[in-house]
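So you can see what is in the structure, the chains are spelled out below.
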Amino acid sequence: MEVKKLLVTGVEKLDLSINSEQIEKFLDYIDILLKWNEKVNLTAIDDPQDVVVKHFLDSISCATVIDLKPGDKVMDIGTGAGFPGIPLKILYPEIELSLLDSRNKRINFLKSLSRELDLDNIEFIHGRAEDYGQNPEYRENFDYVFARAVAALNILNEYTIPFLKHRGSFISQKGSEVKKEVAEALSSIEILGAEFYDIIPIELPYTAAERNLVIINKVRETPKHYPRQAGVPKQDPISG
Ligand SMILES: C[S@@+](CC[C@H](N)C(=O)[O-])C[C@H]1O[C@@H](n2cnc3c(N)ncnc32)[C@H](O)[C@@H]1O
């Protein structure tokens, strides 16, 4: 199927809507991503149709379980080439998006991409989730946090939950191992001041891959000593 048609019908199948300006931005995103990818390692996916399904539709599928409103503060941790943050920003231009990644080459790509796509109200942060999670400007400050393909959920919780405001949500995209990951992450969710809410299976159009969204809600302040120093959550995940 033609790339544009794949995008438009895929968005419709997810019950979301898209206008012609947004379609153009997604198509430009493909060109810019694949051009940069020849020089900077951004993604293993280099076929435009796969970019639409595995990056764009997978990213925006997050919006099927939440109601993103103008002014919502959204953090994407380990955003890489902008997933899921940038596709969500294209579809919901009035959110305030922060993109964080520990690799500066990826942050530079995102700055250039955002200029070319004319996206505003995006903050670019080069650094580690563990460091910024202790920074009072960012801690307990976001309505939604996303982090796709960054770590197992018990590790990811320590990267993400400290950023959430009271009643904010961490939406985690997971594959077929979701139940096992959630079971292993329940104690970290509780310790970090959140509550497991639900696992929602997603039918991602044009693929048989199993996709799920895990919803975790912040209910208390995160204890001050979390997140621990950079590297520690991965070496020694919270268990219980
Ligand atoms: C496999 S990539 C996934 C990128 C993107 N989220 C996606 O789904 O395509 C993981 C990204 O997380 C970043 N990352 C891993 N651990 C991190 C940490 N502790 N703090 C900030 N970024 C991190 C890496 O630099 C990398 O860009």
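Under an unreviewed UniProt entry, the name given to the protein chain is Ribosomal RNA small subunit methyltransferase G, and the source organism is Selenihalanaerobacter shriftii. Quoted verbatim from the Subcellular location (unreviewed entry) heading of the UniProt record, the comment on the protein chain is "Cytoplasm". Recorded under Sequence similarities (unreviewed entry), the UniProt text for the protein chain is reproduced unchanged: "Belongs to the methyltransferase superfamily. RNA methyltransferase RsmG family."

### Focus: the overall build of the protein chain
For the protein chain, the helix and strand inventory stands at nine helices and seven strands. For 240 residues, the compact-globule formula gives about 18 Å, and the C-alpha radius of gyration of the protein chain, at 17 Å, lands near that figure. Counting only C-alpha atoms and orienting by the principal axes, one finds that the protein chain spans roughly 50 × 35 × 30 Å. By residue count, 39% of the 240 residues in the protein chain fall in the buried class. When contacts within the protein chain are restricted to residue pairs at least 6 apart in sequence, long-range pairs at least 24 apart make up 70% of them.

### Examining the site of the ligand
In the neighbourhood of the ligand, 18 residues make up the surrounding shell, with Gly78, Gly80, Ser102, Ala129 and Arg148 lying closest. Within the residue set of the shell around the ligand, elements represented by two or more residues are strand E2 (96–101) and helix H6 (129–132). Counted by class, the shell around the ligand contains eight nonpolar, four polar and six charged residues.

### Side note on the UniProt feature "binding site: S-adenosyl-L-methionine" (unreviewed entry) in the protein chain
Taking the UniProt record as the reference, the feature "binding site: S-adenosyl-L-methionine" (unreviewed entry) is found at Gly78, Phe83, Ala129, Glu130 and Arg148. Positionally, alanine 129 belongs in helix H6. Setting aside residues up to four positions removed in sequence, alanine 129 forms contacts with Ile77, Gly78, Leu100, Tyr159 and Pro227. Following the sequence through the fold, glutamate 130 ends up in helix H6. By the C-beta count within 10 Å, which is 20 here, glutamate 130 ends up buried. Ignoring sequence-local partners within four residues, the contact set of glutamate 130 consists of Tyr159, Pro227, Arg228, Gln229, Ala230 and Pro233.

### Some remarks on helix H5 (residues 104–116)
The end-to-end C-alpha distance of H5, which contains 13 residues, comes to 18 Å, matching closely the 18 Å that a straight helix rising 1.5 Å per residue would cover. Three or more residues of H5 are buried, namely Arg106, Phe109, Leu110 and Leu113. Looking straight down H5, one finds that the buried residues subtend no more than 100° of arc, so they occupy a single side. The exposed residues of H5 that point more than 90 degrees off its buried face are Asn104, Ser112 and Arg115. Of the residues one or two after H5, aspartate 118 is the one with positive phi, at around 60°.

### Some remarks on unusual backbone geometry
With an omega dihedral of 10°, the bond running from phenylalanine 83 to proline 84 counts as a cis peptide bond. Look at the link from tyrosine 226 to proline 227: it is a cis peptide, with omega at -5°. Phi is positive for aspartate 15, close to 65°, though the residue is something other than glycine. You can see aspartate 15 is positioned in the loop between helix H1 (3–13) and helix H2 (20–37). The backbone phi angle of tyrosine 206 is positive, close to 65°, even though this residue is not glycine. With respect to the helices and strands, the residue tyrosine 206 is situated in the loop between strand E6 (194–202) and strand E7 (211–218).

### Remarks on the environment of aspartate 131
You can see aspartate 131 is positioned in helix H6. For aspartate 131, a count of 15 C-beta atoms within 10 Å translates into the label partly exposed.

Conventions and cut-offs
Residues numbered from 1 in each chain as written. Predicted model: local features only at pLDDT ≥ 70, side-chain atom pairs only at ≥ 80, totals over all residues. UniProt positions renumbered as here; feature names shortened; annotations may be inferred. Helix = DSSP H or I, 4+ residues; strand = E, 2+ residues; numbered from the N terminus. Rg over C-alpha atoms; globule rule 2.2 N^0.38 Å. Buried ≥ 20, exposed ≤ 12 C-beta atoms within 10 Å, placed from the backbone. Contact = placed C-beta atoms within 7 Å. Near = placed C-beta within 6 Å. Nonpolar A, V, L, I, M, F, W, Y, C, P; charged D, E, K, R; others polar. Expected span 1.5 Å × (residues − 1). Arc of directions from axis to C-beta.

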